[in-house]
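# Structural features, examined
Each chain, letter by letter, is given below.
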Amino acid sequence: RMLKLDITWIQADTTIQSVKKIRGPDDVKHSSHKGRGGTDFTPVFEYVEKNRLRPDVLVYLTDGEGHLDEKIKRPPFDVLWIITSGGSTDREIMRFGHIVEADL
């Protein structure tokens, strides 16, 4: 039995590179990765607020190396930071949410 999920996939580096609704596995299989390079976490949180998205959880897959503007406060939803192998878990940057280190 498949779970029905409403997923918005936001790809970003220092800016939003793409936003796509994920309706099934094929939407992920046929997607290319956008951006890469420096990371600013701020635009994703600004996009979510500006577009009045109210996720149950925001999952951020990252190496943890980046910037989060001080103006971004704890959002009204859970945030799960998934940190790739050898990435940074700097709590000064990821100052809210839960951090999970993944072997990716």
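Conventions adopted
- Residues numbered from 1 in each chain as written.
- Predicted model: local features only at pLDDT ≥ 70, side-chain atom pairs only at ≥ 80, totals over all residues.
- Heavy atoms only, no water.
- Helix = DSSP H or I, 4+ residues; strand = E, 2+ residues; numbered from the N terminus.
- Buried < 20%, exposed > 50% of the residue type's maximum accessible area, 1.4 Å probe, protein only.
- Contact = heavy atoms within 4.5 Å.
- Lys, Arg positive; Asp, Glu negative; His and termini not counted.
- Salt bridge = Lys/Arg side-chain N within 4 Å of Asp/Glu carboxyl O.
- Polar contact = N/O pair within 3.5 Å; in protein donor to acceptor, adjacent residues only side chain to side chain.
- pLDDT = per-residue confidence, 0-100.

On to the environment of Ile22, then. Along the chain, Ile22 falls in strand 2 (residues 16–22). Look at Ile22 and you get buried, because its relative accessible area is 9%. Residues in contact with Ile22, not counting those within four places in the same chain, are Leu5, Ile7, Trp9, Asp27 and Val28.

Moving on, we come to the side chain of Asp40. Summarising the element assignment, Asp40 is placed in the loop between helix 1 (25–29) and helix 2 (42–50). The side chain of Asp40 sits in the buried core without any salt bridge; Lys71 is the nearest counter-charge, 8.3 Å away. A polar contact of 2.8 Å, which involves the side chain of Asp40, links it to the side chain of Thr42. Other than its neighbours up to four places away in sequence, Asp40 contacts Asp13, Thr14, Tyr60, His67 and Leu68.

A few words on the confidence of the model for the chain. Looking at the chain as a whole, its pLDDT mean stands at 89, while 88% of the residues score no less than 70. When mean pLDDT is compared element by element in the chain, helix 2 scores highest at 98, while helix 1 scores lowest at 73.

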